[in-house]
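This is what each chain is made of:
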Amino acid sequence: MPRRRPPPEIWEERRRLVWERDEGRCTHCGAPLTLEECHCDHIRSGKLGTNEMVNLRTLCRRCHVLRADIRHRGMIAAALRDGIIPPDWRGLVWDDE
Ligand SMILES: [Zn+2]
């Protein structure tokens, strides 16, 4: 069974708490983010990931897209189109596991 997100109202609350804990900044590059623009990343994704606070962190869109997680690949095309990442984005991919 793939991990499921909790109901939207619970997820929104969790996302806000993570953003507050991370002081409204991307935990990878430090960019300041509004609650609306922040991305809530699962540090461990897939089967082993949970929606617990300890497994969540705030990222900016760019860092989220560039994280070396195969589940994020679906975001690449839109990020390229929007100019969030450069055409040579492959050299910028990162991970911390
Ligand atoms: Zn960032």
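All residue numbers here refer to positions counted from 1 along the written sequence of the relevant chain. In view of the model being predicted, local features appear only for residues whose pLDDT reaches at least 70, and side-chain atom pairs are presented and counted only at 80 or more, with totals across whole chains, interfaces and linings using the full set of residues. Side-chain figures throughout are based on the complete set of non-hydrogen atoms in the structure, without hydrogens or water.

Trainee: Any chance you could break down the side chain of asparagine 51 for me, citing the residues and the numbers?
Mentor: Where helices and strands are cited, they refer to DSSP runs of H or I of at least four residues and of E of at least two residues respectively, numbered from the N terminus. Relative to the helices and strands, asparagine 51 resides in the loop between strand 1 (39-42) and strand 2 (56-59). A 3.5 Å cut-off defines polar contacts: any pair of N or O atoms within that distance qualifies, except that in protein one atom must be a possible hydrogen donor and the other a possible acceptor, and neighbouring residues in sequence count only when both atoms are side-chain atoms. Polar side-chain contacts of asparagine 51 include one of 2.7 Å to the side chain of histidine 42.

Trainee: Describe unusual backbone geometry, with residues and values.
Mentor: In the Ramachandran plot, glutamate 23 falls in the positive-phi region, its phi being about 60° despite a non-glycine side chain. Inspection of the secondary structure assignment puts glutamate 23 in the loop between helix 1 (8-21) and strand 1. Think of it in three bands: residues with accessible area under 20% of the maximum for their type are buried, residues over 50% are exposed, and the middle band is partly exposed, with areas taken using a 1.4 Å probe on protein chains only. Of the residues examined, glutamate 23 reaches a relative accessible area of 67% and is grouped as exposed.

Trainee: How would you explain the coordination of the zinc ion if you had to name every residue and give the values?
Mentor: Sites may look incomplete, because water is not among the atoms used; the donor set itself consists of N, O and S atoms within 2.8 Å of the metal (3.2 Å for Na, K and Ca). For the zinc ion, the full set of protein donor atoms is Cys26 (SG), Cys29 (SG), Cys60 (SG) and Cys63 (SG), and the range of their distances to it is 2.3 to 2.4 Å. Every geometry call rests on angle ranges, with four donors termed tetrahedral when all angles are between 85 and 135 degrees, four termed square planar and six termed octahedral when opposite donors are over 155 degrees apart and all others are between 65 and 115, and everything else termed irregular. Relative to the metal, the 4 donor atoms surrounding the zinc ion lie at angles of 101 to 117°, and the coordination shape comes out tetrahedral. Along the chain, the residues that donate to the zinc ion are spaced as C-x2-C-x30-C-x2-C. Of this pair, cysteine 26 sits in the loop between helix 1 and strand 1 while cysteine 60 sits in the loop between strand 2 and helix 2 (61-66), placing them 34 residues apart in sequence.

Trainee: How would you sum up the nonpolar core? Please name residues and give values.
Mentor: One recurring pattern in soluble globular proteins: nonpolar side chains tend to sit buried together. If you look at the biggest cluster of nonpolar residues, it comprises 14 residues, and the most contacted ones within it are Cys26, Cys63 and Ile85. Put simply, the parts of the chain that give this core at least two residues each are helix 2 and helix 3 (76-81). For this core, the leading source of residues is helix 2, giving 3 residues. Apart from the residues within four sequence positions on either side, isoleucine 85 is in contact with Arg62, Val65, Leu66, Ile76, Ala79 and Leu80. Here the nonpolar core consists of buried residues drawn from Ala, Val, Leu, Ile, Met, Phe, Trp, Tyr and Cys, with membership extended through side-chain atoms lying within 4.5 Å. Only heavy atoms matter for contacts: two residues are in contact if any of them lie within 4.5 Å across the pair.

Trainee: Could you give me a rundown of the pattern of salt bridges, with the residues and numbers involved?
Mentor: In what follows, salt bridge is the name for a side-chain nitrogen of Lys or Arg lying within 4 Å of a carboxyl oxygen of Asp or Glu. Within this structure, the stated rule accounts for 10 salt bridges. Across the pair glutamate 12 and arginine 15 runs a salt bridge, and its minimum N-O distance is 3.5 Å. Taken together, the residues glutamate 12 and arginine 15, both in helix 1 and 3 residues apart, mark about one turn of the helix. Accessibility expressed as a relative area gives 44% for glutamate 12, which makes it partly exposed. Classification of arginine 15 by relative accessible area gives buried; the value is 12%. Here arginine 16 makes a salt bridge to glutamate 13, at a shortest N to O gap of 3.1 Å. Pair noted here: arginine 16 and glutamate 13 are both in helix 1, with a separation of 3 residues, about one helical turn. With a relative accessible area of 29%, arginine 16 lands in the partly exposed category. Judged by its relative accessible area of 37%, glutamate 13 is partly exposed. Each of the salt bridges in this network shares a partner with another, and the network as a whole consists of Asp41, Arg57, Arg67, Asp95 and Asp96.

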